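# Notes for the structure review
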Amino acid sequence: EAAATGLPAIVFSDYKTPAVVDEVTGFQVQSNEEMLAAIHRLLKEPQLRQRMGQAASEHAKKYSWGPIAKRWEEIFADLVRGGETKRNG
């Protein structure tokens, strides 16, 4: 949700989400100390915050309903035809 609104996200790296690309759309951190450092960095560097927010917004479009629904439609149509769908995300 943060990405869709143009905000960089900070997540713990064990969360394993493709939605947060480290140092591009936000930060993946490994400790509370790293999280605090990432928050501090975003607060102190408005250009970084803006750049990451814009990248996050663009990246989030991959996960919007339009592309996802289209991909599911392709999968179901292929299954109805008796084929195997390609799993290319």
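Structural data are supplied above this passage.
Throughout what follows, the structure given in this document is the object of discussion. Quantities reported herein were computed from a predicted structural model and do not represent experimental measurements.

Attention now moves to the overall build of the protein chain. Of the regular secondary structure elements, the protein chain holds 3 helices and 2 strands. Start at the N end of the protein chain and walk to the C end: the helices and strands fall as β-β-α-α-α. In terms of C-alpha radius of gyration, the protein chain reaches 17 Å, well past the compact-globule figure of 12 Å for 89 residues. Oriented by its inertia axes, the alpha-carbon framework of the protein chain measures out at about 55 × 25 × 15 Å. Of the contacts made within the protein chain by residues no fewer than 6 positions apart, 39% connect residues no fewer than 24 positions apart. A total accessible area of about 6800 Å² is found for the protein chain, and carbon and sulfur atoms account for 57% of it. Positive and negative side-chain charges of the protein chain, numbering 12 and 12 respectively, have mean locations separated by a distance of 5 Å.

Turning our attention to unusual backbone geometry. Trans peptide bonds make up most of the peptide bonds, and negative phi angles are found at most residues other than glycine. One non-glycine residue, Lys-16, adopts positive backbone phi at about 55°. Positionally, Lys-16 belongs in the loop between strand S1 (9-12) and strand S2 (26-29). Backbone geometry at Glu-23 places phi at a positive 70°, although glycine is not the residue there. Structurally, Glu-23 can be placed in the loop between S1 and S2. Classification of Glu-23 as partly exposed rests on a relative accessible area of 38%.

Another point: the environment of Thr-25. Along the chain, the position of Thr-25 falls in the loop between S1 and S2. Using a relative accessible area of 3% as the deciding quantity, one classes Thr-25 as buried. Ignoring any residue separated from it by four or fewer positions in sequence, one finds Thr-25 in contact with Pro-8, Ala-9, Ala-19, Val-20, Met-52, Ala-55, Ala-56 and His-59.

Below, the discussion takes up the environment of Glu-58. In this structure, Glu-58 sits in helix H2 (residues 46-60). It is 21 Å that separates the C-alpha atoms of Glu-58 and Ala-38, two residues lying 20 residues apart in sequence.

What counts and what doesn't
- Every residue gets a number counted from 1 within its own chain, in the order that chain's sequence is written.
- Thresholds applied to this predicted model are a pLDDT of at least 70 for local features of residues and 80 or more for the giving and counting of side-chain atom pairs; totals over whole chains, interfaces and linings are not thresholded and use all residues.
- Processing note: side-chain calculations cover all non-hydrogen atoms of the structure and skip hydrogens and water entirely.
- Only DSSP runs of H or I covering at least 4 residues are called helices, and only runs of E covering at least 2 are called strands; the numbering of each starts at the N terminus.
- The globule rule is 2.2 Å times the number of residues to the power 0.38, and the radius of gyration it is compared with is taken over C-alpha atoms.
- When checking whether two residues touch, look at their non-hydrogen atoms; a contact exists if any pair is within 4.5 Å.
- Note on areas: Shrake-Rupley with a 1.4 Å probe; residue coverage comes only from the protein chains shown.
- Under the counting rule used here, the positive set is Lys and Arg, the negative set is Asp and Glu, and His together with the chain ends is not counted.
- Charged side chains are reduced to one point each, which is NZ for Lys, CZ for Arg, CG for Asp and CD for Glu.
- Exposure categories follow from relative accessible area, calculated using a 1.4 Å probe and restricted to protein chains: below 20% of the type maximum is buried, above 50% is exposed, and the middle band is partly exposed.

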